[in-house]
Amino acid sequence: MRDGFIKVAAGTPRIRVADCEYNAEQIIGLMREAAKQGVKVLALPELCVTGYTCGDLFLQDTLLQGAENALSRILEETKDLNMLAALGLPVRNRWDGKLCNCAAVMCGGELLALVPKTHIPNYGEFYEARWFTSGAELDTMVKLCGQNVPLGYNLIWECETMPNLVVGVEICEDLWASEPPSVALARAGATLILNLSASNEAAGKAAYRRQLVTGQSARLLCGYVYADAGEGESTTDLVFAGHNLVAENGALLAENRFVTGLTVSEIDVDKLLFERRRMNTFAPPRRDPMEEAHAIGIGRSSFALKTVDTALTRPIGKNPFVPEDGTDRRERCEEIFTIAALGLKKRLEHTRASCAVVGLSGGLDSTLALLITARAFDLLDRPRSDILAVTMPCFGTTSRTKSNAQVLAERVGAHFRTVDIGEAVRVHFRDIGQSMEDLSVTFENGQARERTQVLMDLANQRGGLVIGTGDLSELALGWATYNGDHMSMYGVNGSIPKTLVRHLTGYAADEAQEKDPRLAAVLRDILDTPVSPELLPPKEGEIAQRTEDLVGPYELHDFFLYYALRWGFSPRKVFRLAAAALGEDYDRETILKWLKNFYRRFFAQQFKRSCLPDGPKVGSLALSPRGDWRMPSDAVNALWMKELESL
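Reading guide: rules and limits
- Residues numbered from 1 in each chain as written.
- Predicted model: local features only at pLDDT ≥ 70, side-chain atom pairs only at ≥ 80, totals over all residues.
- Heavy atoms only, no water.
- Helix = DSSP H or I, 4+ residues; strand = E, 2+ residues; numbered from the N terminus.
- Buried < 20%, exposed > 50% of the residue type's maximum accessible area, 1.4 Å probe, protein only.
- Contact = heavy atoms within 4.5 Å.
- Areas by Shrake-Rupley, 256 points an atom, 1.4 Å probe, with all protein chains shown as cover.
- Lys, Arg positive; Asp, Glu negative; His and termini not counted.
- Charge placed at Lys NZ, Arg CZ, Asp CG, Glu CD.
- Expected span 1.5 Å × (residues − 1).
- Patch = residues over 30% accessible without salt bridge, like charges linked within 9 Å, V, L, I, M, F, W, Y side chains within 5 Å.
- Salt bridge = Lys/Arg side-chain N within 4 Å of Asp/Glu carboxyl O.

Right, let's get into the overall build of the protein. When its secondary structure is counted, the protein shows 21 helices and 22 strands. Summarising its shape, the C-alpha atoms of the protein cover approximately 100 × 50 × 45 Å along the three principal directions. The 647 residues of the protein split such that 56% are buried. Contacts spanning at least 24 positions in sequence make up 73% of the contacts within the protein whose residues lie at least 6 apart. Taken as a whole, the protein presents about 26,900 Å² of accessible surface, with 48% of it coming from carbon and sulfur. Between the averaged position of the 72 positive side-chain charges in the protein and that of its 84 negative side-chain charges there is a distance of 3 Å.

Pasting the structure below:
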């Protein structure tokens, strides 16, 4: 429950139609198993106490009383469980004797409320209107299991010990309707929606159901737990498969089908609240939660759970910017290439640039920039020879990177030029009194700024544009020379993190394998080359300056970047997730060391991000001062560092 995580489950008990005592045993057993696994919120299927397929037996008092007796037993035998649960049963409205298809919401042996289904299907294989009435107009009290409880669809419950956990309930067809109750529940503050369902199986229906659940969780910026009826329901006409789903803001966290039992994962309610704060289109202007709930007719009450740590089982990828699935990754790489190239295409058209100038180092970033530029020229139906690829060797350049730059430019079809800047930098150092023996930041930055000057002047000579090569990870860490490689006329890599740069380059190598094996080979050698600015003299012909030895592994920094900025997580939570995802590769001390460095550099280097060149946003995160990230350059990191020191 700490850090915003709450363990939830959708459960499908094995039942017998109309055998309420047996069903109560199965439900109690499943609830105890859920508690053993640490589940704090559990959804069980629609009408699971009786079975969904009882037909005209629903009209029999014997069945209805059996259901109430079963619920009483469930409440009594699970009152020791630290859990909120919702399960389905038929309930008589004492005022008119009509039946409601209800979710009984309970916690600690107390029946909190009964939530009726509001959209009653009466078509195709569903004819619930024969027995049940809609609860859309109900807002009353009923006596059930010796307790006086509210009966109404417009109810939500806030956890006293975890205020961001606010639970709402809807039932099966309610989700299929044009105006699901969950919309109003979420607007009133519900962050977790439970759906008690009995949705039969048919060819193709599972995919539609999955899209519906994940889509609703995305629209409402909520967690969504969908519990489906399964084995034990009558198969006279239909088959039920127990298709259980747990989704969060459009992402499917867990799924089971054709099985009984539990489908467990963790919902991050703090993450959902951050996204709701960020997206002001989520709901009308926010009022006090109680006022908001009252304004749209929602009753808000509370329940209590004991605070415990939540063991994480939900998927946490090592590389959050890179899809895990190979097919998805290839599609994403192709999409990013196209988006970035389209951005550059527009800029080249608008400026009527005669050429594009790319500083080519033989490293990953400049390689990707050249590949994107080549694609933009293809989209313009212009010859790639209008691209000027310039390598500028100096004191730290190795023969490997210089050779790779030349081969790459030739295979891509760009015009290649070498401008040795060594003498120009020496003259500059003499002018300012910088010793060649002083390998300080001035020694490094002087080379970087000279390279940028050369590129800018070559672009001026030809009426062209300098294409920036710096990536998102470097911008976050400030690993760029101010007014050196920090600057360009259009930065195509600016929203692409280093881990994704690697995958894009690997994708380009795979695509080139059959058509141009030599291009594929040089791309793979560039991938194998250590990341380095090559600003210090090499040692025995090898690169002496390895970026990741200085600032930390980009795999870690990209992880920190994603969760700290995209989701606004605290340093403690970022650390916890990093340890869970990357703990096999890095020990906790190493993760904490580089996390401190990330926050230190991120705050200190904001001034560089305040004046970035234009460039296309290709994913969910960017640091453009005109768009995604606006931060004062003199913001203080004391709160963040204090939290890190406490870990």
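Let's shift gears to helix α9 (residues 364–379). The terminal C-alpha atoms of α9, which comprises 16 residues, lie 23 Å apart, in line with the 22 Å expected from a rise of 1.5 Å per residue. For α9, the tally of buried residues reaches 13 of 16 residues, placing the bulk of the element in the interior. One or two positions beyond α9, positive phi appears at aspartate 381, with a value near 60°.

A cluster of acidic residues, Asp325, Asp328, Glu331 and Glu335, forms a negative patch at the surface. On the secondary structure map, glutamate 335 appears in helix α8 (residues 326–351).

Unusually for a residue other than glycine, arginine 352 sits at a positive phi of about 55°. For arginine 352, the location among the structural elements is in the loop between α8 and β18 (356–359). Even without glycine at this site, aspartate 381 takes up a positive phi of about 60°. Note on placement: aspartate 381 falls in the loop between α9 and β19 (387–391).

Turning our eyes to something else, we now look at the pattern of salt bridges. Here the structure, examined in full by the defined rule, presents 40 salt bridges. Between aspartate 56 and arginine 130 there is a salt bridge, with the nearest N and O atoms lying 2.7 Å from each other. Pair noted here: aspartate 56 is in the loop between β2 (41–43) and α2 (61–77) and arginine 130 is in the loop between β7 (126–127) and β8 (139–144), with a separation of 74 residues, a long-range link. Owing to a relative accessible area of 55%, arginine 130 belongs among the exposed residues under this scheme. Notably, a salt bridge pairs lysine 271 with glutamate 248, separated by 3.5 Å at the nearest N-O pair. Taken together, the residues lysine 271 in helix α6 (residues 269–278) and glutamate 248 in strand β14 (residues 244–248) connect sequence positions 23 residues apart. Overall, the relative accessible area of 13% leaves lysine 271 in the buried class.

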